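# Observations on chain architecture
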Amino acid sequence: DSHIQYERVGADVTMKCGSMDWDAAVTWTANGTDIDESHLNGSYLILKNVDLTQSGQYSCYEGSSWHLKYQTYLRVGTPPKEPVLMCRSNNYPKGFYCSWHLPTPTYIPNSFNISVIHGTKEMVCEKDAVPKNRCHIRYLQLFSTVKYKVTLTVTNALGKNFTTLTFDEFGIVKPDPPESVVAKPVPNNPRRLEVSWQNPSSWPDPESFPLKFFLRYRPLILDQWQHVELSDGTSHTITDAYAGKEYIIQVAAKDNDIGTWSDWSVAVHATPWTEEPKHLTTEAQITETTSTSTSSFMAPPTTKICDKGAMVGSGAVAVCWTAGLVVAAYSVLFI
Amino acid sequence: MAGADSPSAALRRRDLCTRGIRLVGKMRSDVIDLLDTYVERQGLDASASVAAVEGVPPAAVERWDEQTGTQRLLENLAAYRAFRVLLAQMLEEQREQLGEADAALGRALASVLLQVSAFAYHLEELLQLESRSPPSEEGDGPPPQPHLSLFEQKLRGLGVLRELAQWAVRSARDLRQLAKPSPGTGSAPGLAESP
């Protein structure tokens with residue numbers, strides 16, 4: 001008869017060969033491989049300080065006849081540590097979900113039991129098929145000040161553990177990030193980018209439960225983000241982009257009144273509209289032909305040397321700062 | 001009901017709802033600030049659990065999405081009329097307890113009371129637009145309170161403000177439901193007469 005035996009990592013395990021006497025002659029195998037007699041005490045198999053690699057099928061055969069007398073599947077593992085539990089409402093006001101995981105694996109099967117109590121009422125959290133460690137619950141009441149108490153118990157053959165989360169209806173509201181974020185240049189506008197997005201599809205009623213949005217953007221070459229908070233609408237025009245620079249843009253959402261901000265959306269990239277390159281070819285060519293030995297200071301010919309956004313000063317004294325650098329470099333060379 | 005559905009009535013309703021949402025948004029923000037001040041000045045623990053306070057209409061509601069427009073207005077109006085009385089009581093108690101020592105708290109309470117009154121009036125206007133006279137206030141208000149100790153008064157005040165903050169969120173949602181174009185056949189969330 002084969003059965004499963006669960007033991008803790010580090011434990012000492014003694015296996016009896018079924019009903020065989022202690023002094024019977026037996027052979028033990030682990031996953032089909034004979035086990036050395038040094039591990040035997042009579043007909044008992046002694047495994048000291050077991051580790052995970054010793055999980056497997058152990059069989060005991062009668063000495064001369066090689067009849068199988070006993071078989072067990074040894075699973076070495078650990079009792080569960082305190083599970084990590086999270087509850088969130090991304091579909092307010094329909095309901096919320098809770099998901100959980102163990103901080104470290106136990107290496108043996110675990111079962112989870114979740115209980116949700118609202119005041120004195122026990123609610124049923126329906127387990128999702130996918131993902132496995134998740135369940136969802138429909139709100140029976142809205143605008144309640146009474147807190148929810150969620151207790152998750154995890155049990156395996158070697159022990160059990162639990163954790164409890166207490167929260168109110170408003171505190172766990174966190175929408176999914178906005179979807180379909182699109183950023184486009186604006187024709188003839190070198191400093192503008194038009195950004196649009198959609199409400200997350202999981203948010204059931206944006207008309208009665210409107211979302212507000214947070215946009216962040218920066219040129220790829222800089223670390224600092226610019227932020228804009230938008231109380232309505234699902235589009236925004238950035239008007240202070242650095243001309244010609246590629247931008248990275250993200251949007252987050254939050255219920256207008258309650259809860260917390262969503263994670264940032266998928267990032268989109270966009271570069272503001274620039275003039276046709278042919279207008280600047282003459283400039284680039286002149287600069288290139290006079291710079292035979294200072295290539296490290298020169299921008300490649302296809303890149304604009306100077307754009308409106310990079311001007312310093314004004315009027316007749318306006319100087320493009322990159323051109324200024326180039327001039328300074330030449331001056332150093334010719335001193 | 002024909003009058004209530006006329007284009008001008010619909011426009012007026014939307015306008016009242018929009019203004020009401022703004023009003024209640026500002027009120028909520030002020031109530032949250034007032035809660036912080038109240039907890040501090042009254043020497044309370046912000047996380048103190050307060051059991052349901054008698055006379056305080058709970059914002060919690062089942063099947064909220066199935067309510068008709070009229071139900072929403074009536075429940076909101078009953079709540080804010082009750083809060084008007086409760087806040088006036090709190091103001092009186094606060095003046096008795098602290099006198100002039102805490103004018104700031106008194107002013108904040110008075111400001112919220114004013115906003116609650118304004119919103120109650122706003123709700124009455126919305127009800128009248130639905131050719132529904134607002135119910136009279138005679139005999140309204142919370143039942144007379146047994147004499148409470150100072151500490152019990154403070155805890156009750158905390159419960160009142162917390163429930164008011166909850167109502168402010170619910171009212172904004174209710175008004176947004178009301179502002180939605182009616183489906184025309186009188187089913188929720190339109191402004192059909194309640195059965």
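The name given to chain B in an unreviewed UniProt entry is Ciliary neurotrophic factor, and the organism recorded there is Smithornis capensis. UniProt, in its Sequence similarities (unreviewed entry) section for chain B, records the words "Belongs to the CNTF family." Taken verbatim from the UniProt record of chain B, the Function (unreviewed entry) comment is "CNTF is a survival factor for various neuronal cell types. Seems to prevent the degeneration of motor axons after axotomy."

Going by an unreviewed UniProt entry, chain A carries the name Ciliary neurotrophic factor receptor subunit alpha and comes from Smithornis capensis. Reading the Subcellular location (unreviewed entry) entry of the UniProt record for chain A gives the comment "Cell membrane". Regarding chain A, the UniProt comment filed under Sequence similarities (unreviewed entry) reads as follows: "Belongs to the type I cytokine receptor family. Type 3 subfamily."

### What about the interface of chain A and chain B?
Facing the 18 residues of chain A at the interface are 17 residues of chain B. Counting each side, the surface lost to burial between chain A and chain B is near 1600 Å², with a carbon and sulfur contribution of 52%. Three residues, Phe143, Ser208 and Asp257 of chain A, lead the burial of chain A against chain B; their summed loss comes to 40% of the area buried on that side. Two residues, Arg173 of chain B and Asp255 of chain A, come together in a salt bridge whose shortest N-O distance is 3.0 Å. Its residues assigned to classes, the side of chain A that touches chain B shows eight nonpolar, five polar and five charged.

### Regarding helix α1 (residues 7–41) of chain B
With 35 residues, α1 of chain B should cover 51 Å at 1.5 Å per step; its first-to-last C-alpha distance of 50 Å lies within 8% of that length. Within two residues after α1 of chain B, Gly43 of chain B carries a phi angle of roughly 65°, on the positive side.

### Let's talk about the sheet that holds strand β13 (residues 126–127) of chain A
Residue and element names in this part refer to chain A. Read from one edge of the open sheet, four strands run β9-β10-β14-β13, paired in antiparallel fashion. Whereas interior strands pair on both sides, the edge strands pair on one side only; in this sheet they are β9 (84–88) and β13. Relative to strand β14 (residues 134–138), strand β10 (residues 95–101) runs antiparallel, the two sharing five bridges. Bridging across to β14, Ser99 finds its partner in Arg134.

About the cut-offs
- Residues numbered from 1 in each chain as written.
- Chains lettered and ligands numbered in written order.
- Predicted model: local features only at pLDDT ≥ 70, side-chain atom pairs only at ≥ 80, totals over all residues.
- Heavy atoms only, no water.
- UniProt positions renumbered as here; feature names shortened; annotations may be inferred.
- Contact = heavy atoms within 4.5 Å.
- Buried area = accessible area lost by both parts, 1.4 Å probe.
- Salt bridge = Lys/Arg side-chain N within 4 Å of Asp/Glu carboxyl O.
- Nonpolar A, V, L, I, M, F, W, Y, C, P; charged D, E, K, R; others polar.
- Helix = DSSP H or I, 4+ residues; strand = E, 2+ residues; numbered from the N terminus.
- Expected span 1.5 Å × (residues − 1).
- Pairing = 2+ DSSP bridges.

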